Amino acid sequence: MSTVVLGPVITPRQGTAARVVCFTATASEVTRIARIERIGRDGSGALRGFQRPRIAAHIREIQDYLIRPEAILPNAIVLAFNGSASLRDGKLVVDVSGGPPGWVVDGQQRLSAALAAGDDDFELIVSAFICADMAELNRQFILVNNTRPLAKQLIYELLPGTSGLPHRLSNRTEAAVLVEALNYREESSLHGLILQQTNPDGVIRDTLLQRVLINSMQHGALRNGHGGDGALFARFEVVSEFFHAVREVFRNDWESHTPKTSRLLHGVGIVSMGFVMDELHARRARTRRQFARGLRHLVGHTHWTSGDWRFGSERRPWNTLQNTSGDYRLLSHHLVRIIRRATRR
């Protein structure tokens, strides 16, 4: 059978961007029309899927509850369709000839628990939206989940290629695109090092690197150029060349380290080195060799993995610098002052 018919459905009057339908279905019926596709990347680094990793303990808790005779589950499972689904005679008709065409965009843990409970008489409330294309589907997924406690990292990874978002989210889009390029282009100095939902083995948090990029796009080395592949490539080159130089000059503080063992890879180091990048770029550094020449002024004045920092009369053990606005300012001002003094001399 190549189609699944569910309903009758309720079609509330809502926005014009996507059609919304509501109905009831068992867990097994839901999995015939929609799949849980966890967020990940293919071999070329392209993003696919939506959902966070499974939380086994949470699923087990829900399952234990659902097997009780008095169990209810009033929260809806939310599905999304990009074509392959239509309304006919007050029912939802889904073409499943190529497998489940829809995606579960909210309620994956509840659906998994209901499947494990194995009660085919237990019906779930299901809400589904039918979109014209994947761009609209991505946008609706972000907007639906952004009002709930969804991991910001997952939201930020979905920003590239998505338009029509609130200003506070679209503001991050350019930085998210650049982070994606830095993490997945093989020629990048940060290739595979950025911690994202799709790259849990990374060591540099993507949100901290985005903070560096947003600041630089507003006030520093990356502020020229808006949109387009040319601007992206130019910004990518600046950041990648700078961190190539950082890895060369501070090799012993970078290689085989984590944020716990080196403050250079810690948020306070990454954010502060962003200001160093802007300072050196203002002094016409463009290539890794030119950036390295400027960075060598810092050698002997940094304590990324041991010793004490000296900020005027204040001494701070290397591992007491934290991800606070005060420590960001303290360390970045210290590093930039060293470069400026050395340049004047």
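Structure report, in brief.

### Quick notes on the packing of aromatic side chains
Tallied over the full model, the rule gives six aromatic pairs. Seen from their ring centres, Trp 309 and Phe 311 are 5.9 Å apart, and the 5 degrees between their planes marks the pair as stacked. Phe 311 sits in the buried class, given a relative accessible area of 7%. An aromatic cluster is built from Phe 242, Phe 243, Trp 254 and Phe 291, whose rings are joined through pairwise contacts.

### Brief notes about the side chain of Asp 253
Counting through the fold element by element, Asp 253 comes out in helix 10 (residues 251-254). Buried and unpaired, Asp 253 has Arg 251 as its nearest opposite-charge partner, separated by 11 Å. Those residues in contact with Asp 253, other than ones at most four positions away along the chain, are Ser 262, Leu 264, Trp 304 and Thr 305.

### So, the pairing of strand 10 (residues 123-131)
By the criterion of burial, strand 10 is predominantly enclosed, with seven of the nine residues buried. Sheet analysis places strand 2 (residues 19-26) next to strand 10, joined by eight bridges and oriented antiparallel. What sits directly across from Arg 19, in strand 10, is Ile 130. In the sheet, strand 6 (residues 77-82) pairs with strand 10 via six bridges, with the strands oriented parallel.

### Comments concerning the packing of helix 11 (residues 267-282) against helix 12 (residues 288-295)
Describing two packed helices takes the angle between their axes plus the distance from one axis to the other. One way to put it is that helix 11 packs onto helix 12 with a least axis distance of 10 Å and a crossing angle of 110 degrees. Classed by the angle they form, the pair helix 11 and helix 12 counts as roughly perpendicular. Handedness of the helix 11/helix 12 crossing: right-handed. Of helix 12, the residues touching helix 11 (which contributes Met 273, Val 276, Met 277, Leu 280 and His 281) are Phe 291, Gly 294 and Leu 295. In terms of residue class, the contact of helix 11 with helix 12 is built from six nonpolar, two polar and no charged.

Rules of the game
- Residues numbered from 1 in each chain as written.
- Predicted model: local features only at pLDDT ≥ 70, side-chain atom pairs only at ≥ 80, totals over all residues.
- Heavy atoms only, no water.
- Phe/Tyr/Trp six-rings, centres within 6.5 Å; stacked < 30°, edge-to-face > 60°.
- Buried < 20%, exposed > 50% of the residue type's maximum accessible area, 1.4 Å probe, protein only.
- Helix = DSSP H or I, 4+ residues; strand = E, 2+ residues; numbered from the N terminus.
- Lys, Arg positive; Asp, Glu negative; His and termini not counted.
- Salt bridge = Lys/Arg side-chain N within 4 Å of Asp/Glu carboxyl O.
- Contact = heavy atoms within 4.5 Å.
- Pairing = 2+ DSSP bridges.
- Axes fitted to C-alpha atoms, helices over the stretch in contact; angles between N-to-C directions.
- Parallel < 35°, antiparallel > 145°, perpendicular 65-115°, else oblique.
- Left-handed = near helix turned anticlockwise from the far one by under 90°.
- Nonpolar A, V, L, I, M, F, W, Y, C, P; charged D, E, K, R; others polar.

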